[in-house]
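If you want the building blocks of each chain, they are given just below.
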Amino acid sequence: MIFARLAFRSLAARWLTVSLTILAIALSVALLLGVEKIRNGAKASFADTISGTDLIVGARSGSVQLLLYSVFRIGNATNNVTWESFEDIREMPDVAWAIPLSLGDSHRGYRVLGTTAEYFDRYKFRAGKGLEFTSGVAFDDVFDAVLGADVVASLGYKLDDPIIVSHGIASFTHHEDKPFRVGGILAKTGTPVDRTVIVSLEGIEAIHVDWVGGGRAAGSLTAEQARTLDLSPKAITAAMIGVESKLRIFTLQRAINDYAEEPLLAVLPGVALQELWAVVGVAETALLGVSLMVVATALIGMVAMIFAGLNERRREMAILRSVGAGPGLIMTMLIAEAALIAAAGAAVGVAILYAGLAALQTWLDATYGIYIPPTGLGEREMITLAAAVAAGALAGLAPAARAYFISLSDGMSVKM
Amino acid sequence: MTEETALALTNLRFTWPGSTGFTLEVDAFTLPKGERTLLLGASGSGKSTLLSLICGISMPSAGSVTVAGTDIARLSRRRRDRFRAENIGIVFQQFNLLPYATALDNALLPLRFAPNRRAKLTDERAEALRLAAALGLDPAQMTSGGAGSLSVGQQQRVAVVRALIGSPELIVADEPTSALDASAQASFVDTLFTHVEAAGASLLMVSHDERLADRFDRTVRLEDIARVKKAAAV
C-alpha cells in the first residue's frame, strides 16, 4: 500500500525527532507498566507475607494493629495474652495447631521474637513457602537464637556467636547476664522474619525470670541458675492459629472474640492485610497517577512535534491535494502517523519493561522482597497498551484537524 | 460545451474569502482540445487564483468552469478532488515532489486517486518507468532513494511523468521552467510538448516569460481575459 509506504518514509525522513518521541513514549509506557507490575508484585508479596495461618490472636485492639505488631513487627501490643488463655484456645476442638509469639525485646534495633520450634515449620509465606535454614538448626537449647537474613547481613553474625538481647524496644538495659548463642541462620524470605531475632519462649522467660516490673530485682540469677527454674511462660503477645477445617474459621474466630476470661481478638490475616493495604494503597494510587501523567506528557510531546512539523509540511499537503487527495485523507494520514508513533512507543516500551524486569528482578526480590513473576502481558496490560495507542491517535486529532484546515485554505499554492 | 473543448470558463466570478475585497472575473475563455496555450501574467495578476479555480481547489461564486465537458463548479468538494485526480495533471514551478518518497512513488501517486487513469494502464510501474526513460530519467533514479536527492531539472521531469501518467485530459503547468536555466528551459518545453501530444492531452501553461510564446499554438495575456478588482485602500 503506497500510503503506508509514504507514511513510513515520511517518518523515516524525520528519524531523529521521531525516534526521540518514540523513546519518550516508550519510557513513559515502560514506567506505567513497570509501576503496575511492581504494584501488583508488592501487593502480592505483601499479601504473601504470611500464609498458611488461619487466625492471629492477640489482646483486643484493632485488627490492623494486631497484624502490624504480630507479623510486621511494627508498633506494640496494648496488652498481653495470658498463658492460660492461650492454652484454652489451643485446646479448642477446631484448633489444629497454635504457636505462641512473645514480642517486646530487641537486639540492636531488631525485634526479638520468642516462640516455639514449631514456628519454623508453621510459618509460611508466598503461597506456602516455608522457612529454610542456611546454617544451624532451630532451638537446641534455651539460650539459642535463630537470626533472620537481614540481621546477619547487617550485623555480620556467624554461628555460635554470642548475642545479647536488650530489654524493651529502644532501651539501654541489656540482658548481658544471660547471653544467647547464634544457633541458626535463616535464608532470605522477603518478609519481616528477615529482620527478626527468634529465640525460644523459655529463653524469653529465662532472661526475665529475675525481673520485677520494669527492672532487675536484687540478687539476680545466673544463666545456669535460670535453667533450673520452671520456665513456662506466664503471658505471650499473640498467637498464630491453624484450624482443623477451613469451614470452621469463622466459628473459631467468634469463639475467641467471645472468650469470657479475657478480651481477645482473632483476625484472619488475609482480611487484615487487605485492610492494611487499603491504607498503604493511597501511595500506589498516587504512583499510578504520576505515571499516567508521564504518559500524557510524552503524548503531548508527540503532538507538539507533529504540530511543529506542520508548517514545513504544507508543501507536502499541497502536492497531495494537487494529485487529488482530499483534506480528509491528509487528516487521516496525520492521525495514522500519531497512532504509528504511539504504537512504536508502546512496543519499545514493552521491550524496555521486560529488559528492565529481567535485569532488576533478583535485586528487587532480595532487597525489597518484591517478587515479580516473569509472566507475559496480561489482559490488563494489553488494555493499557491499546489505550495508550488510542490516546496517541486521539491526541493526533489536534494537529490533524489543523492540517485539514491548512490543506483546505492553502489548496495547491503555498507561499514558501 | 462540446467534447472538443478541454477547458472553458464562462462568466466566472470569484471573490477572495474574508474581507479583502479582491475579485477576479473571467467572462469567457476556452482551450480547444489538443491545443497548447501559454497564459502570460505577471505575479500578483491573479494567476494562482485562476489555476485554483481551474483545478477545482477554489470555488467560483458565479459562472462555470468546464473541464473535459464537466462543470466542476457544480461538483461536491469530494467529487472535485476525484475529478482533478482523473482529468488534470499538474506541474508546479518547483518542489513538486514528496522529498522522502521515491521518484517512482511520486509519479504513481495520482493513480491512487484516479481509478480511471489506473484502468488505462496494464502495468503502472512499467508505464511510469517508460515515461521517465523517455524524459531522460533512468530506472535507478526513479526507484532508489528519496526524490529530494534529485536535481531540480530531474524533479521537474518526474513531475511531468506524474502529470502525464494515465493520460489525463488537461495538463496545467504553473511556471514549470522558471527554476531551470535557459538551455534546460528550451529542452524541457520541447519534451513537455512531445509527451503532451503523445498523450493526446491539452496544455495550459502559465508563465511570466514572453520568450516562450512563439513555441505555443496560442498566447493569451491574463489581463485580456480576466479583470482583477481590488477594493479601494482604506
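Please refer to the structure higher up on the page.
A short tour of the structure in this document, coming up.

Conventions and cut-offs
Residues numbered from 1 in each chain as written. Chains lettered and ligands numbered in written order. Predicted model: local features only at pLDDT ≥ 70, side-chain atom pairs only at ≥ 80, totals over all residues. Heavy atoms only, no water. Buried < 20%, exposed > 50% of the residue type's maximum accessible area, 1.4 Å probe, protein only. Helix = DSSP H or I, 4+ residues; strand = E, 2+ residues; numbered from the N terminus. Pairing = 2+ DSSP bridges. Core = buried A, V, L, I, M, F, W, Y, C linked by side-chain atoms within 4.5 Å. Contact = heavy atoms within 4.5 Å. Buried area = accessible area lost by both parts, 1.4 Å probe. Salt bridge = Lys/Arg side-chain N within 4 Å of Asp/Glu carboxyl O. Polar contact = N/O pair within 3.5 Å; in protein donor to acceptor, adjacent residues only side chain to side chain.

## Points about the pairing of strand β11 (residues 196-200) of chain A
Remember that side chains alternate between the two faces of the sheet whenever the strand is regular.
Residue and element names in this part refer to chain A.
Item 1. Taking burial as the measure, the five residues of β11 include five buried ones, the bulk of the element.
Item 2. Of the two faces of β11, the one holding Thr 196, Ile 198 and Ser 200 and the one holding Val 197 and Val 199 are both buried throughout.
Item 3. Both strand β8 (residues 144-147) and β11 contribute to a ladder of three bridges, which runs antiparallel. Counted as the bridge partner of Leu 147 is Val 197 from β11.

## A short note on the nonpolar core
Item 1. Counting residues in each nonpolar core, the largest one holds 120 residues, and the members touching the most others are Leu 6, Tyr 119 and Ile 198 of chain A together with Leu 203 and Met 205 of chain B.
Item 2. Take this core: its biggest share by element is 13 residues, from helix α10 (residues 269-310) of chain A.
Item 3. Beyond its immediate sequence surroundings of up to four residues, Leu 6 of chain A is in contact with Met 333 of chain A together with Leu 98, Tyr 100, Ala 101 and Leu 109 of chain B.

## Looking at helix α3 (residues 63-70) of chain A
Item 1. Those residues of α3 of chain A that fall on the buried side of the exposure criterion are Ser 63, Leu 66, Leu 67, Tyr 69 and Ser 70 of chain A.
Item 2. In this structure, the buried side of α3 of chain A is in contact with β1 (55-59), β3 (95-107), β15 (238-243), β16 (264-267) and α10 of chain A.

## Some remarks on unusual backbone geometry
Item 1. Not every positive phi belongs to a glycine, and Asp 160 of chain A is a case in point at roughly 75°.
Item 2. Summarising the element assignment, Asp 160 of chain A is placed in the loop between α6 (149-155) and β9 (162-163).
Item 3. Phi at Asn 11 of chain B is positive, roughly 45°, even though this residue is not glycine.
Item 4. Among the residues examined, Asn 11 of chain B registers a relative accessible area of 45% and is labelled partly exposed.

## Quick notes on the interface of chain A and chain B
Item 1. Listed per partner, the contact involves 23 residues of chain A and 26 residues of chain B.
Item 2. Three residues stand out in chain A for area buried against chain B, namely Arg 9, Val 323 and Met 412 of chain A, and they jointly supply 27% of the buried area on that side.
Item 3. Between the two partners, chain A and chain B, sit two salt bridges.
Item 4. Across the pair Arg 321 of chain A and Asp 81 of chain B runs a salt bridge whose closest N-O atoms are separated by 2.9 Å.
Item 5. For the interface between chain A and chain B, the tally reads seven residue pairs in polar contact (both at pLDDT 80 or more).
Item 6. At the level of elements, α1 (2-13), α11 (314-322), α12 (327-368) and α13 (379-410) of chain A are the ones that each hand at least two residues to the side of chain A that touches chain B.

By themselves these figures say nothing about function.
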